[in-house]
Every structure is written in C-alpha cells, then in structure tokens.
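# Summary of structural features
Chain by chain, the residues run as shown.
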Amino acid sequence: MTQSFRREQIAVQVADYRSIVSRASDLQCSLYGMVSTSPDAHIKMLVLQAAEAIDLVRDLAEDRVRALLDAPTPVSNDQQQEAAA
C-alpha cells in the first residue's frame, strides 16, 4: 500500500529534514574542530563517536528527503479532467 501526501505536506517535511541535515553538518564540523584541538585522547574518542552518530542521523534525514520527493501525490481535479479528455 502506497501512502500519498499532499504537495504542501511534502514541502514542509522536506524543509524540516533539510534543516536537520544542515544543522547536523554544522555540528559535525565543530566536533571535528574539537578533535583537532583537544589534547585529551578520551575526549577525542567521544567526539569522534558523536560525529559518527551525527553522520548516521544526517544520512537518515537525506534518505527521508529522497523518499518524500519520490512519494506519490494526489492528482488534482484539473489533471484528472485532462487525463479523461
């Protein structure tokens, strides 16, 4: 069974997920900066693990954006009438 979304709903969700991707990328850059400046090996290890987790979240959000953009949308009445003609 395929779920159908209205285009407006898709646009809102895509914007939200793209915001997540952007924030995750910014945070990941900051974390890698901490790794390069921290003298403590334990902190570096924790920061790298956090960066990897953020990478997974970013990948999931990007996959969701692709799925939403590929999701079917209901056909408008105008399009149905054109198809029937």
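Everything here concerns the structure above.
First, a word on scope: everything that follows refers to the structure included in this document.

Another point: the nonpolar core. Counting residues in each nonpolar core, the largest one holds six residues, listed as Ala24, Leu31, Val35, Val47, Ala51 and Ile54. Of all the secondary structure elements, the ones that give two or more residues to this core are α1 (7-37) and α2 (41-70).

We now examine the pattern of salt bridges. If the charged atoms of two oppositely charged side chains come close together, the side chains can form a pair. For the structure on display, the rule yields three salt bridges. The closest approach of N and O atoms between Asp55 and Arg58, which form a salt bridge, is 2.4 Å. Of this pair, Asp55 and Arg58 both sit in helix α2, separated by three residues, roughly a single helical turn. Asp55 gets classed as partly exposed once you look at its relative accessible area, which sits at 27%.

Time to look at the environment of Ile54. Turning to its location among the elements, Ile54 is positioned in helix α2. Considered as a pair, Ile54 and Val21 are 33 residues apart in the sequence and their alpha carbons are 9.3 Å apart. Dropping the residues within four chain positions of it, Ile54 is found in contact with Ala24, Leu27, Gln28 and Leu31.

A few words on the side chain of Gln28. With respect to the helices and strands, the residue Gln28 is situated in helix α1. Since its relative accessible area comes to 8%, Gln28 is described here as buried. A distance of 2.4 Å separates polar atoms of two side chains, one belonging to Gln28 and the other to Arg58. Ignoring anything within four residues of it in the chain, the contact list for Gln28 reads Ala51, Ile54, Asp55 and Arg58.

This brings us to the environment of Arg66. Among the secondary structure elements, Arg66 is positioned in helix α2. Given a relative accessible area of 46%, Arg66 falls into the partly exposed group. Taking the C-alpha atoms as reference points, Arg66 and Val14, 52 residues apart in sequence, are found 8.7 Å from one another. Polar contacts involving the side chain of Arg66 include one to the side chain of Asp63, which spans 2.3 Å.

Rules behind the numbers
Residues numbered from 1 in each chain as written. Predicted model: local features only at pLDDT ≥ 70, side-chain atom pairs only at ≥ 80, totals over all residues. Heavy atoms only, no water. Core = buried A, V, L, I, M, F, W, Y, C linked by side-chain atoms within 4.5 Å. Buried < 20%, exposed > 50% of the residue type's maximum accessible area, 1.4 Å probe, protein only. Helix = DSSP H or I, 4+ residues; strand = E, 2+ residues; numbered from the N terminus. Salt bridge = Lys/Arg side-chain N within 4 Å of Asp/Glu carboxyl O. Contact = heavy atoms within 4.5 Å. Polar contact = N/O pair within 3.5 Å; in protein donor to acceptor, adjacent residues only side chain to side chain.

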